[in-house]
Amino acid sequence: MGLVLFTYSPNSGKERNTMHYVTAKGILSPKNGMNLYRGCSHGCIYCDSRSRCYHMEYDFEDIEVKENAVELLAHALSHKRKKCMIGTGSMTDPYIPLEMKIGNVRKALQVVYEQGFGFTIITKSDRILRDLDLLQKINEKTKCVVQMTLTTCDEELCRKIEPNVSTTKERFEVLKRFRDAGIPTVVWLSPVLPFINDTEENISGILEMCVEAKVYGILCFGMGLTLREGNREYFYQQLDRLFPQLKERYIRTFGNRYMVESPESSRLMNLFRRKCSQGGLIHNNEQIFEYLQTFEKKEDRQLSLLDLDQWHC
């Protein structure tokens, strides 16, 4: 295991972080998800991945790099009996600043493309545009879906709660770039922080962006967030720093609940459903997850249509 220092310049200014290498035994989960990195330097105040149940035995900003990840992926895909969708980003944003130096995501994309698998990725970073060419190639052959998290349409608030990552406006531009490239997108409207971004103005603003960007659908798990050991303590520390006295209101209102639901939840969910229906946005979580998990091979479909035309001739 090696320890390396590196410097990057996120939105909030220069910070110094560490990374270390590990040799992984496997790369794909039973549902074909993977994490090329563990830990994150984006600094989102609500991040569930800080929770102690994930057993990260080092600082969250100390990035774990799986030095053999790409080789493991190539081996795993070559031994798959059926093609499928491969996913990444559920635990750690793949486009942390370190990725621009190491390039594991781009290398993995090349493997996925060469072996003919589909791909879906979750991020909050406009660094994904570096790999637009490969994502287009995958989408031309099979299916590629880009998933983007949006939490607030207020740029100033975004810089507070997600300090070291692309702002909402920058992510919105990314969604439009993928729209223009013909690559489908899905938005995660999550989390909704009680007393911070749980407003009609915010939900409506995000949905208007989604309509303009012509996203395939929006994943929403209610108007709230989850807090458990590890991420609760960090979240409260950040509330003390950014929103004085709000922590005490959280404790009075929610105690030690795991599910922290906005008092405005019912009204905001009704607004969410109504706006999605009006804008033609799919908002059934099960339907969206089924879409994300369904592999498509476009070359076969095009060939079948060609054969059918020839048969009619």
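Just above sits the structure.
Residues numbered from 1 in each chain as written. Predicted model: local features only at pLDDT ≥ 70, side-chain atom pairs only at ≥ 80, totals over all residues. Heavy atoms only, no water.

Draft legend 1. Summary view of the state of the cysteines. What the rule picks out here adds up to 0 disulfides. The closest cysteine sulfur to the non-disulfide-bonded Cys276 is located on Cys210, 7.6 Å from its own sulfur. Overall, the relative accessible area of 0% leaves Cys276 in the buried class. (Disulfide = S-S within 2.5 Å. Buried < 20%, exposed > 50% of the residue type's maximum accessible area, 1.4 Å probe, protein only.)

Draft legend 2. Examining the nonpolar core more closely. By size, the foremost hydrophobic cluster in this structure holds 62 residues, and its most contacted members are Tyr37, Phe119, Leu135, Leu189, Ile218 and Phe272. The element best represented in this core is helix 7 (residues 200-213), accounting for 6 residues. Ile161, Leu227, Leu242 and Leu246 belong to the second largest nonpolar core, which has 18 residues in total. (Core = buried A, V, L, I, M, F, W, Y, C linked by side-chain atoms within 4.5 Å. Helix = DSSP H or I, 4+ residues; strand = E, 2+ residues; numbered from the N terminus.)

Draft legend 3. Here's a closer look at helix 1 (residues 69-78). When we look at burial in helix 1, the residues that qualify are Ala69, Val70, Leu73 and Leu77. Projection of helix 1 onto a plane perpendicular to its axis shows the buried side chains occupying an angular sector of 95°, all on one side. Check the buried side of helix 1 and you find it contacts strand 3 (33-34), strand 5 (63-66), strand 6 (85-88) and helix 3 (104-114). (Arc of directions from axis to C-beta. Contact = heavy atoms within 4.5 Å.)

Draft legend 4. Structural view of the pattern of salt bridges. The full count for this structure, using the stated rule, is 14 salt bridges. Overlapping salt bridges, with partners in common, bring together Glu99, Arg106, Arg130, Asp131 and Asp133 in one network. (Salt bridge = Lys/Arg side-chain N within 4 Å of Asp/Glu carboxyl O.)

Draft legend 5. Summary view of helix 6 (residues 168-181). Its 14 residues give helix 6 an end-to-end C-alpha distance of 20 Å, which sits within 8% of 20 Å, the value for a rise of 1.5 Å per residue. Buried positions along helix 6 lie against helix 4 (132-141), strand 8 (144-150), helix 5 (155-161), strand 9 (185-189) and helix 7. (Expected span 1.5 Å × (residues − 1).)

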